[in-house]
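Results of the structural survey
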Amino acid sequence: MCYYTQQNASIENLKRRFNAELDNEETFLQSDFINGFSHPNIPIILNSSPHLITTDYTWGLLPSWAKDIEFRKNTLNARIETIDEKASFKNITHNRCLIIASAYYEWHWNDQKGKSKEKYQINSQDDEIFTFAGLYSSWTDPLTDQIKNTYTMVTTKANDLMQYIHNHKLRMPIMLKRQDESAWLDQSVKIENFAFPYQGNLIGFQI
């Protein structure tokens, strides 16, 4: 699974990379280490507005039926193999987004219980700025009627490199090739087209 990323690109670089505008510079997140469990508002691009980079969505998807906000800790990731079956995701597979990043992090376990670990940073070999496949949703707090926009990162089986690095879970996020970003946003393209062995051109190194 993937819970830790990096997004260190500037606003101007993102605008050029995606040929898009940013909705709010004040809430723009730029960080070398982002913890998904803090539910950050990493910049994303929605298929409903592909020429806009939005900062109004937080990591950890809240389905419309969630009783409270705590549910989002369970939905940082969505397994592509079961995405059409899980109640949290099956009704929003048409709500696709690009989650913007410059790297992500995983840990290699040196023993069966993970008492000894080595941290790896994974980057794209093709682009300094790349994207993960994601799904998004909007949730209304039943107590306050406040609307919260959220997203999840879609994962698949690990490729050879990630089987070594992420040797505990044997999973990896779907790190999109640049030429496939528009296809992911196209809801007419079947999601299973991006399942294993789909993989971006990535490189990992111990830090």
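Structure's up top.
All figures in this text were calculated on a predicted structure; none of them were measured in a lab. (Residues numbered from 1 in each chain as written. Predicted model: local features only at pLDDT ≥ 70, side-chain atom pairs only at ≥ 80, totals over all residues. Heavy atoms only, no water.)

Before going further, it helps to spend a moment on the pairing of strand β1 (residues 4–7). The pairing of β1 with strand β3 (residues 31–35) spans three bridges and is classified as antiparallel. Paired with Thr5 across the bridge in β3 is Ile34. Summarising the sheet, β1 and strand β9 (residues 103–109) pair through two bridges and their orientation is antiparallel. For Gln6, the partnering residue across the bridge sits in β9 and is Ala103. (Pairing = 2+ DSSP bridges. Helix = DSSP H or I, 4+ residues; strand = E, 2+ residues; numbered from the N terminus.)

What follows covers the pattern of salt bridges. A complete count under the given rule lists five salt bridges for this structure. Here Glu12 ties to Lys15 by a salt bridge, and the two come within 3.7 Å at their closest N and O atoms. Note that Glu12 and Lys15 are positioned in helix α1 (residues 11–18) at a spacing of three residues, about one turn of the helix. Accessibility expressed as a relative area gives 43% for Glu12, which makes it partly exposed. (Salt bridge = Lys/Arg side-chain N within 4 Å of Asp/Glu carboxyl O. Buried < 20%, exposed > 50% of the residue type's maximum accessible area, 1.4 Å probe, protein only.)

Take empty space enclosed by the protein next. Taken as a whole, this structure holds one cavity of 30 Å³ or more when the rule is applied. In this structure, the largest cavity spans a volume of roughly 50 Å³. Along the walls of the largest cavity sit Ser124, Asp126, Asp127, Met175, Leu176, Lys177, Arg178, Gly200 and Asn201, which together make up its complete lining. Grouping the constituent residues of the lining of the largest cavity by class yields two nonpolar, three polar and four charged. (1 Å grid on protein atoms, 1.4 Å probe; cavity = no way out; pocket = protein on both sides within 12 Å on 5 of 7 lines; lining within 4 Å. Points joined across faces, edges and corners; volume = space filled by probe spheres on them. Nonpolar A, V, L, I, M, F, W, Y, C, P; charged D, E, K, R; others polar.)

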